[in-house]
Amino acid sequence: MATQKPERFDQVDWTEISRSRWFDLSINSIGMLAAALPLLIVALYDWQVLDERTPTLEPVGPAWDVGTVDYLFIFTLLLFAFYIVLPLFQNPRRTKYYWREFKRNRPAVVSLGWLAVVFVGGIFGPFFISAPEQSILTGYQPPVFLSVEQSYVSTCVGEVVNNQCQGTWQHPLGTTAGGKDVFSGIVHGMTISMQIGFITTTIVATIGITFGTVSAYAGGWADELMMRFVDIVLSFPTLLMFLLILYIYGAGLGMFIVVFAAFAWGGTARYVRSKSLSISEEEFIKANRISGASTYRVVRRHVVPNAASSIITQLTLLIPGFLLAEAQLAFLGLGDSTIPSWGQLISAGRSDLSFAPWIVLAPGIVLFLTILAFNFLGDALLDALNPEAEAENA
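Residues numbered from 1 in each chain as written. Predicted model: local features only at pLDDT ≥ 70, side-chain atom pairs only at ≥ 80, totals over all residues. Heavy atoms only, no water.

**Q** It is not clear to me how the sheet that holds strand E1 (residues 147–149) should be interpreted in this structure. Could you clarify?
**A** Backbone hydrogen bonds are what pair the strands of a sheet, in a parallel or an antiparallel way. Spatial ordering of the open sheet is given by E1-E3-E2, a layout of three strands whose pairing is antiparallel. The open sheet has two free edges, formed respectively by E1 and strand E2 (160–161), since each of these has just one partner strand. In this structure, E1 lies alongside strand E3 (residues 164–166), joined through three bridges in antiparallel fashion. When the bridges of E3 are listed, Ser-147 appears paired with Gln-166. (Pairing = 2+ DSSP bridges. Helix = DSSP H or I, 4+ residues; strand = E, 2+ residues; numbered from the N terminus.)

**Q** Can you help me understand the confidence of the model for the chain in this one?
**A** Any residue range with low pLDDT should be treated as having predicted coordinates unsuitable for detailed reading. This prediction gives the chain a mean pLDDT of 83; 87% of its residues lie at or above 70. Across residues 390–394 the pLDDT falls below 50, and counting only partners more than four positions away or on other chains, this stretch makes one contact in the model. (pLDDT = per-residue confidence, 0-100. Contact = heavy atoms within 4.5 Å.)

**Q** Would you mind going over the state of the cysteines with me for this structure?
**A** Cysteine pairs can be linked by a disulfide, which is a covalent bond between their two sulfur atoms. Applying the stated criterion to the full structure yields one disulfide. The residue that forms a disulfide with Cys-156 is Cys-165, at a sulfur-sulfur distance of 2.1 Å. Since a negative S-S torsion denotes a left-handed disulfide, the Cys-156-Cys-165 link at about 90 degrees is right-handed. Cys-165 matches Cys-156 in its accessibility class, with the two residues each being buried. (Disulfide = S-S within 2.5 Å. Buried < 20%, exposed > 50% of the residue type's maximum accessible area, 1.4 Å probe, protein only.)

**Q** Would you explain the nonpolar core in this entry?
**A** Soluble, globular proteins show a tendency: their nonpolar side chains are buried together. Residues Ile-186, Phe-256 and Phe-260 are the most contacted members of the largest nonpolar core, which totals 73 residues. Counting residues per element, this core draws most heavily on helix H15 (residues 358–385), at 14 residues. Looking at which domains feed residues into this core, each of domain 1 (93–132 + 182–393) and domain 2 (141–180) supplies at least three. Not counting residues up to four positions away in its chain, the partners in contact with Phe-260 are Thr-238, Phe-242, Phe-322, Ala-325 and Leu-329. (Core = buried A, V, L, I, M, F, W, Y, C linked by side-chain atoms within 4.5 Å. Domains from an automatic or database assignment.)

**Q** Honestly, the packing of helix H6 (residues 182–218) against helix H9 (residues 253–262) in this entry has me stumped. Any pointers?
**A** Each pair of packed helices can be summarised by the angle the axes make with each other and by the distance between the axes. Axis separation between H6 and H9 bottoms out at 9 Å; the angle between their running directions is 35 degrees. Handedness of the H6/H9 crossing: right-handed. Here Ile-192, Gln-195, Ile-196, Ile-199, Thr-200, Ile-203 and Val-204 of H6 lie close against H9, whose contacting residues are Leu-253, Phe-256, Ile-257 and Ala-261. Classifying every residue of the contact of H6 with H9 gives nine nonpolar, two polar and no charged. (Axes fitted to C-alpha atoms, helices over the stretch in contact; angles between N-to-C directions. Left-handed = near helix turned anticlockwise from the far one by under 90°. Nonpolar A, V, L, I, M, F, W, Y, C, P; charged D, E, K, R; others polar.)

**Q** Hey, could you run me through the UniProt feature "transmembrane region" (unreviewed entry) in the chain in this one?
**A** In the numbering used here, UniProt assigns the "transmembrane region" (unreviewed entry) feature to residues 25–45, 71–89, 109–129, 196–217, 315–335 and 355–377. In residues 25–45, helix accounts for 90% and strand for 0%; the two terminal C-alpha atoms are 28 Å from one another. Secondary structure content for residues 71–89 is 100% helix and 0% strand, while the C-alpha to C-alpha distance between its ends is 26 Å. (UniProt positions renumbered as here; feature names shortened; annotations may be inferred.)

**Q** So what exactly am I meant to see when it comes to the packing of aromatic side chains here?
**A** Under the counting rule described, the total for this entry stands at 17 aromatic pairs. Seen from their ring centres, Phe-145 and Trp-169 are 5.8 Å apart, and the 85 degrees between their planes marks the pair as edge-to-face. Of the two residues, Phe-145 is situated in the loop between helix H5 (106–128) and E1 and Trp-169 in the loop between E3 and H6; the sequence distance between them amounts to 24 residues. Side by side, Phe-145 and Trp-169 carry an identical accessibility label, which is exposed. One aromatic cluster is present, built from ring pairs that chain together Phe-73, Phe-80, Phe-119 and Phe-198. (Phe/Tyr/Trp six-rings, centres within 6.5 Å; stacked < 30°, edge-to-face > 60°.)

So this is what it looks like as structure tokens:
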């Protein structure tokens, strides 16, 4: 019985394949669309039907008013779930290899655990712990197991021993001058930090990867022009632009994310361009080109996937900068005072360090550990996902 002769690589009709796969969505993309569509419907309903005073979810029960930043945050969480977490389960063998390489770095494993706490706390914490509310009478309550002179406290919630107000579990990390619970502020600050990290990084990745790959494959004067534009973006004073927008439109978390994302993608674009040029010189890329594969297919199916590990590592190392920038602006009084971010908590206690240091120390330590954890995580991901870089640095 005659068998059909297999098709040779150089006889592949790449034009037909490109046409058939132009809209050939993966299971990840289908799941992403299925999850994002209801989110889009709810957002349109919120913006077009409900008035500004009606909370988004009030018609179904919870009085939670979902803002634009919240919608973007949920969208980025869906991207994270379908394009980073789900592929780990779809490729268990590769995931085991990555985990085996990753866990060699003990500080990174501890950092991953800490970031998991911050992530879970930021996602679910606000549903169980109410936002900190001002209560002048309970200002300067000390943390549990600590005490403060009664003269600094209007009303001591705990016991008074030897003219010292004792801390209680009602306010485990104490309160601010305005009576806001520090622990509640830290939990809700986790949400703000996650929003800054996820949304800003997603915008930076989208612009940077697109700009970098287009520049690499455009070549010639287009590449030169695009890279000079990147130089302008990188040299532009972001703080000056933020102050200008602050003066015109006022401070806001959404405005902070937009401004810093708009001027932080230049480094990613340069990195992606360099990586794309390096990968484009590989033999399998040349073989695809010779066989007639389109540029779009080469970039989508080969260049970006092969550069993804390095891009993820580079983006992970950008997040600490965004968190630190928000804290610095808040400390200088340039942030949004209506959001319970860690920077706002630190700013609230800067004048009370002599007798109420917990207001600064508690959120400051959490911010420090989070930034340190992202740096450890980025280094470990570089070693696990991109062993070539580790060999080059050795």
